[in-house]
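Take a look at the letters that make up each chain.
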Amino acid sequence: MILVYIETRDGKVKRPSLEALSEAKRRAAELGTDVAAVLAGTGLETAGQEVSAYGPAKVILLQNPQLQAYSAQAYGQALAGLIAELKPESVFFSATALGKDLAPRLAARLGVSLASDVTRVAVKGKKLEFVRPIFAGKALLSFRLMTVPQIATLRPNVFSLEPAGAASGEVIKKEAVVTEAEVKGKVVEVLAEKAGEIDVTEAEVIVSGGRGMKAPENFALLKELSAVIPRSAVGASRSAIDSGWIGHAHQVGQTGKTVSPNLYMAFGISGAIQHLAGMSSSKVIVAVNKDPEAPIFKVADYGIVGDLFEVIPALKDELKKIL
Amino acid sequence: MNIFVFVKRVPDTESRIKINHEKKTVEEQGLNFVLGPYDEYAVEEGLRLREAKTGKVTVFSLGPDEALVILRKCLAMGADEAVLIKDAAGETYDGLRTARIIAAALKSKYPAFDLLLFGKQSIGADNAQVPSMVAELLGLPQANVVTKLELDPDKGTALREIEGGEEKLAFSLPAVVSAQKGLNEPRYETLKGIMAAKKKEIPVVTLESLGLKPEELASGIEVTNLEMPEARKAGRTIAGSPADAARELVSLLRNEAKVI
């Protein structure tokens, strides 16, 4: 069995978890095993039904009042209990903020090694082989985990999402075991940056600005451009962040976030090696820069040598016509 | 307040990586090694907490003798003590092995602390596993990817970065906290600090002294291949006025690349 942890926020299922579930289904078919999905928290019935449409053999709702607020300790303990019972060969998470926080806690609890931020999963001789970028994408490491269960976090936006069908598998409620004394830390408040804004790691399109944006107020141009593109986000290079033009949550690159959107548009970004490391796995790259020698053009599928202050409004007008 | 900070020696971010295909390792020769960029925020936070609340900052690194260089940098920044946990294994990419060694060293030799600070991840293995694993192995609460930290004598709160916002965590001490960019602005070493750091004795803890079993020291990860990603090819340049170029680009993105 491959067990997939499904993350919810405000009762809604997060798309990267469904990508992980889709990948689990594909690999389980190769291995000749089944897939179970697990959600943890309270009031998960609607989310459980939604997950069921993505085809797991069963959906388990792990419930306990102690799981109402996220706590790596409590969630780790609850999942370890379920794993002891189900004995899955593998456990997948999405490499979201929560997945990156929880999966290592669980792995340590079970005494197993962990495959983090994986971008490819293959079946080799009935075992899984993982590929993950290291040095922020400057090299690719292929490896196997020597311990069972094989726990992995899968990078968002990399694994394709299978379409939902009719809800098929059973949805089972289970009381999770959480020892109150063990919970020494938990989330007490969630502060959303801006309602409806999506993170660069989850965006399908990123419009990103660098030093060539010249001033913080010019990032408004990118926000306006992003506003016409569905599932898009504004990114930035390190120099734009260090100049204080936009918050560090938007930083793409080796000391920021590593992203792989369908489309990455770089405006006024020269393309330093640290920036390329964070975005070169994007499916399509567009570069707009007034310097024809900028290294970013060496990795761009489409380049425009020109003034971004003219190109961005023109692009926005063209996109408005079709989107 | 007794604060421990854990740092790693990593290649600087400008490094171009060379691969030894036979050994499936990254060639160390020619790389410039530095204190991990996120570890710098952790050290700085430790120093600020000590300055605000009194106490002591001890910096630990797990690695080869060469890691003494970054420990001395931390001392020069203002850390009180430094400890090298000597490990000749090289990069194993196995966070659990690292976490087990750190947990064993703390349990057996350095059991008294209020706070364990880490960078949110190394630069290289990029695993972001060790802080959570150490927290679990020691039964401590964790706050990862932290951009703001506030501590009382026996508890604390932290803001941690999540998709599209932040979450506020409350926890008891001792706790594990990993630092994200934005937490603070790390200071430079002072000349006086550099001189004092040179003379400071740095104790060395050996792996043999920690009582770990051979299987606990073995890597749980079997590397099967290490390669460079396929190089991207430069595509086409779109000429014309901004309006014409924008029109053609949108047409190509829709009809050729099919991404919008």
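Criteria and thresholds
- Residue positions are given per chain, counting from 1 as you read along its sequence in written order.
- Labels are handed out in written order, letters beginning with A for the chains and numbers beginning with 1 for the ligands.
- Side-chain atom pairs in this predicted model are given and counted only at pLDDT of 80 or more, local residue features only at pLDDT of at least 70, and totals for whole chains, interfaces and linings cover all residues.
- Numbered from the N terminus, helices here are DSSP runs of H or I no shorter than four residues, and strands are runs of E no shorter than two.
- Exposure classes come from backbone-placed C-beta atoms, where a residue is buried if 20 or more other C-beta atoms lie within 10 Å of its own, exposed if 12 or fewer do, and partly exposed in between.
- The contact criterion used is a C-beta to C-beta distance within 7 Å, with each C-beta placed from the backbone.
- Joined through C-beta atoms within 7 Å, a set of buried Ala, Val, Leu, Ile, Met, Phe, Trp, Tyr and Cys residues constitutes a nonpolar core.
- In this scheme, strands are said to pair when DSSP sees at least two bridges between them.
- Helix axes are fitted to C-alpha atoms over the stretch in contact, other axes to C-alpha atoms as well, and angles between N-to-C directions run from 0 to 180 degrees.
- A domain assignment, automatic or from a database, supplies the domain bounds used here.

A closer look at the overall build of chain B
Here comes step 1: Across its full length, chain B carries seven helices and 15 strands.
Here comes step 2: In terms of overall dimensions, chain B has a C-alpha envelope of 65 × 45 × 40 Å along the principal axes.
Here comes step 3: Scored against the burial criterion, the 260 residues of chain B give a buried share of 48%.
Here comes step 4: Restricting the contact set of chain B to residue pairs at least 6 apart, pairs at least 24 apart contribute 70%.

What about unusual backbone geometry?
Here comes step 1: Here Val 148 of chain A and Pro 149 of chain A are connected by a cis peptide whose omega angle stands at 0°.
Here comes step 2: Summarising the element assignment, Pro 149 of chain A is placed in the loop between strand 10 (139-145) and strand 11 (150-154).
Here comes step 3: The linkage connecting Leu 173 of chain B with the following residue, Pro 174 of chain B, adopts the cis geometry, with an omega of 0°.
Here comes step 4: Although it is not a glycine, Thr 54 of chain B adopts a positive phi angle of roughly 60°.

Notes on the nonpolar core
Here comes step 1: If you look at the biggest cluster of nonpolar residues, it comprises 184 residues, and the most contacted ones within it are Val 4, Val 38 and Val 286 of chain A together with Cys 74 and Leu 249 of chain B.
Here comes step 2: Tallying contributions element by element places helix 4 (residues 97-110) of chain A first for this core, with eight residues.
Here comes step 3: Sequence-distant contacts of Val 286 of chain A, defined by excluding residues within four places in its chain, comprise Leu 263, Met 265, Ala 266, Ala 300, Asp 301 and Tyr 302 of chain A together with Leu 249 of chain B.

Some details on the sheet that holds strand 18 (residues 302-305) of chain A
Here comes step 1: Here six strands make up an open sheet; going across it, the order is 15(A)-14(A)-16(A)-17(A)-18(A)-15(B) and the pairing parallel. Lying at the two open borders of the sheet, with one neighbouring strand each, are strand 15 (232-236) of chain A together with strand 15 (236-237) of chain B.
Here comes step 2: Across five bridges, the pairing between strand 16 (residues 263-267) of chain A and strand 17 (residues 284-289) of chain A is parallel. Directly across from Tyr 264 of chain A, in strand 17 of chain A, lies its bridge partner Ile 285 of chain A.
Here comes step 3: Contacts from helix 5 (residues 219-228) of chain A reach strand 14 (205-209), strand 15 and strand 16 of chain A within the one sheet, and its direction differs from that of strand 15 of chain A by about 155°.
Here comes step 4: Sitting on the sheet, helix 7 (residues 242-255) of chain B touches strand 16, strand 17 and strand 18 of chain A, and the angle it makes with strand 18 of chain A is about 175°.

Regarding the domain arrangement of chain B
Here comes step 1: Per the domain assignment, the segments making up chain B are domain 1 (2-217) and domain 2 (233-260).
Here comes step 2: Of note, the centres of domain 1 of chain B and domain 2 of chain B, computed from C-alpha atoms alone, are 46 Å apart.

Quick word on the interface of chain B and chain A
Here comes step 1: Taken residue by residue, the interface counts 73 residues in chain B and 79 residues in chain A.
Here comes step 2: Where the side of chain B that touches chain A is concerned, the elements lending two or more residues are helix 3 (95-109), helix 4 (130-138), strand 9 (142-151), strand 10 (155-162), strand 11 (165-172), strand 14 (221-227), strand 15 and helix 7 of chain B.
Here comes step 3: It is helix 7 of chain B that contributes the most residues to the side of chain B that touches chain A, 10 residues altogether.
Here comes step 4: Relative to strand 15 of chain B, strand 18 of chain A runs parallel, the two being bridged by two bridges. Bridging across to strand 15 of chain B, Gly 303 of chain A finds its partner in Thr 237 of chain B.

Looking at the environment of Leu 44 of chain A
All names here are of chain A.
Here comes step 1: Position of Leu 44 relative to the elements: it lies in the loop between strand 4 (35-41) and helix 2 (45-52).
Here comes step 2: Residue Leu 44 is classed as buried on the basis of its 24 C-beta neighbours within 10 Å.
Here comes step 3: Leu 44 sits 129 residues away from Lys 173 along the chain, and the two C-alpha atoms are 9.3 Å apart.
Here comes step 4: Those residues in contact with Leu 44, other than ones at most four positions away along the chain, are Thr 8, Leu 39 and Leu 61.

Things to note about the sheet that holds strand 10 of chain A
Here comes step 1: Pairing in this open sheet of four strands is antiparallel, and the strands run 8(A)-9(A)-10(A)-14(B) from one edge to the other. Two strands close off the open sheet at either side, each with one partner strand: strand 8 (120-124) of chain A together with strand 14 of chain B. The mean inter-strand angle of the sheet, taken between neighbouring strand axes irrespective of direction, is 25°.
Here comes step 2: In the sheet, strand 9 (residues 127-134) of chain A pairs with strand 10 of chain A via five bridges, with the strands oriented antiparallel. The residue of strand 10 of chain A that forms the bridge with Arg 132 of chain A is Leu 141 of chain A.

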